[in-house]
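Fold and contact review
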Amino acid sequence: MAEVALKNVWKRYTKETAAVQGFSLDIADREFVVLVGPSGCGKSTTLRMIAGLEEITEGELSIDGRVVNGVAPKDRDIAMVFQNYALYPHMSVYENIAFGLKMRKTPKDEIDARVMEAASILGIESLLQRKPKALSGGQRQRVALGRAMVRNPAVFLLDEPLSNLDAKLRTSMRTELIKLHKKLQTTFIYVTHDQTEAMTMGDRLVVMKDGIIQQVDTPQNLYDHPCNIFVAGFIGSPQMNFIHGILGADEAGYHVDVSGDRLCIADTGPGSDGLKGYIGKNVALGIRPEDFRLAHDAGGGASDFGNPVINAKIDVRELMGSECYLYLRYKDRQLIARIPTAEANAASDWPTFCVDKEKIYLFDAETEQAIGTRKGCI
């Protein structure tokens, strides 16, 4: 078992081009950490630096207290599972799993015991004599995991291992990986661009953009308290809606002026002092799709019991079974609402929606940083 620490790690390909910038993170023993972000954000490069497949330009990487910047990959006590499985096509499943142990001249009896144990855990005992071409995608991924497991590494590195699987198999393999982590009690560092994978699997998520860490926290805290517009938009499906306007205040409280509509977001009082400095400034109001509700009695006013009210045109209704995604047009902006299908079917083409102001997010439109916390926007 091992802790992994990265201190101000950089990866530069040229003086002007940095794939990873000032990456600092402490990963606890047996923790499941997920690096998540869009393509090109530097997450796979970071993983490859931990593995020793990419050289660190600046900074320090330590595994279990030992600095390993100059240590060869084979001596780092890590195992890596790749996106494309990287199996030897001419070898059987057994031979693929055993290959690394044979290269280390492990005794034959020990190799056999480790391979059979891994195959039993992964449920692939019946596949040991097959060649990779005779396996499904999910079976190949299990073989790749088995090859990593038999080494008993201190750290597992997984680089988008499920991206080549179909949607149904991806869901089942997510569950299998979570079980595997609990069973092995080993440190897992996992890379994905899929925020659903990240939210369901990780103890902590590291959200990256342009080679820079944006926020590190538990999945629930990232969802509830995003630190900026990028994190707020990236975490959650469908993604958060953003409505830009000018922050104002009157005797009724704080509001965002959107092309003449005043959307109430917070009461005035001692708890809202943090908003005073933003009056008159451009802000982005954030609303998650699931926080919209049909305001049957709102009547098109500026507020529904002090909550923001939005009258919007439904462009598209997307049935998802028990829920329906409504694609809305509001003041030349596109929004999306997620509501129960029965309510969506009964709604007119120009319904009125209300949002609990306690569930409103607020961001500085210029810096894109969150203004305070979700509760009460301050």
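Scoring rules and cut-offs
- Residues numbered from 1 in each chain as written.
- Predicted model: local features only at pLDDT ≥ 70, side-chain atom pairs only at ≥ 80, totals over all residues.
- Heavy atoms only, no water.
- Pairing = 2+ DSSP bridges.
- Helix = DSSP H or I, 4+ residues; strand = E, 2+ residues; numbered from the N terminus.
- Axes fitted to C-alpha atoms, helices over the stretch in contact; angles between N-to-C directions.
- Phe/Tyr/Trp six-rings, centres within 6.5 Å; stacked < 30°, edge-to-face > 60°.
- Buried < 20%, exposed > 50% of the residue type's maximum accessible area, 1.4 Å probe, protein only.
- Parallel < 35°, antiparallel > 145°, perpendicular 65-115°, else oblique.
- Left-handed = near helix turned anticlockwise from the far one by under 90°.
- Contact = heavy atoms within 4.5 Å.
- Nonpolar A, V, L, I, M, F, W, Y, C, P; charged D, E, K, R; others polar.
- Core = buried A, V, L, I, M, F, W, Y, C linked by side-chain atoms within 4.5 Å.

1. Examining the sheet that holds strand β20 (residues 333-340)
One open sheet accounts for three strands, arranged β18-β19-β20; its pairing is antiparallel. Here the strands that pair on one side only, and so sit at the sheet edges, are β18 (313-319) and β20. Adjacent strand axes in the sheet meet at a mean angle of 25° when their direction is disregarded. Bridge count between strand β19 (residues 323-330) and β20: eight bridges; the pairing is antiparallel. Bridging from a neighbouring strand, Tyr 325 pairs with Arg 338 of β20.

2. Quick look at the packing of aromatic side chains
Evaluated as defined, the whole model comprises seven aromatic pairs. Considering the side-chain rings of Phe 32 and Phe 188, the 5.3 Å spacing of their centres and the 40° angle between planes classify their relative orientation as tilted. With Phe 32 in strand β3 (residues 32-36) and Phe 188 in strand β8 (residues 187-192), this pair connects stretches of sequence that are 156 residues apart. Phe 188 shares its class with Phe 32; the two are buried. Here Phe 242 and Phe 363 contribute two aromatic rings whose centre-to-centre distance is 5.9 Å and whose plane-to-plane angle is 70°, an arrangement assigned as edge-to-face. Note that Phe 242 is positioned in strand β11 (residues 241-250) and Phe 363 in strand β22 (residues 361-364), a separation of 121 residues in sequence. The exposure class assigned to Phe 363 is buried, which follows from its relative accessible area of 1%.

3. What to know about the packing of helix α3 (residues 108-122) against helix α4 (residues 137-149)
The relative placement of two packed helices is expressed as an angle between their axes plus a distance between the axes. Their axes nearest at 9 Å, the elements α3 and α4 cross at an angle of 140°. Put simply, α3 runs oblique to α4. For the crossing formed where α3 meets α4, the hand is right-handed. Seen from α3, the contacting residues are Ala 118, Ile 121 and Leu 122; seen from α4, they are Arg 142, Leu 145, Gly 146 and Met 149. For the contact of α3 with α4, a count of residues per class yields five nonpolar, one polar and one charged.

4. Concerning the sheet that holds strand β7 (residues 155-159)
An order of β6-β7-β8-β3-β9-β10 is seen for the six strands of this open sheet, with the pairing classed as mixed. The two strands at the open ends of the sheet, each matched to only one other strand, are β6 (78-81) and β10 (212-217). On average, adjacent strands in this sheet sit at an angle of 15° to one another, irrespective of strand direction. In this structure, β3 lies alongside β8, joined through five bridges in parallel fashion. The partner of Val 33 across the bridge, within β8, is Ile 189. Its contacts with the sheet place α4 against β6 and β7, and it is angled at close to 170° to β6.

5. Overview of the nonpolar core
Soluble globular proteins: nonpolar side chains tend toward being buried together. With 46 residues, the main nonpolar core has Ile 97, Val 115, Ile 124, Leu 145, Leu 158, Leu 177 and Tyr 190 as its most contacted residues. Residues in contact with Leu 145, not counting those within four places in the same chain, are Val 81, Leu 122, Phe 156, Leu 158, Met 173, Leu 177 and Leu 180. One finds Ile 310, Leu 326, Leu 335 and Ala 347 within the second-largest nonpolar core, a separate group that totals 31 residues.

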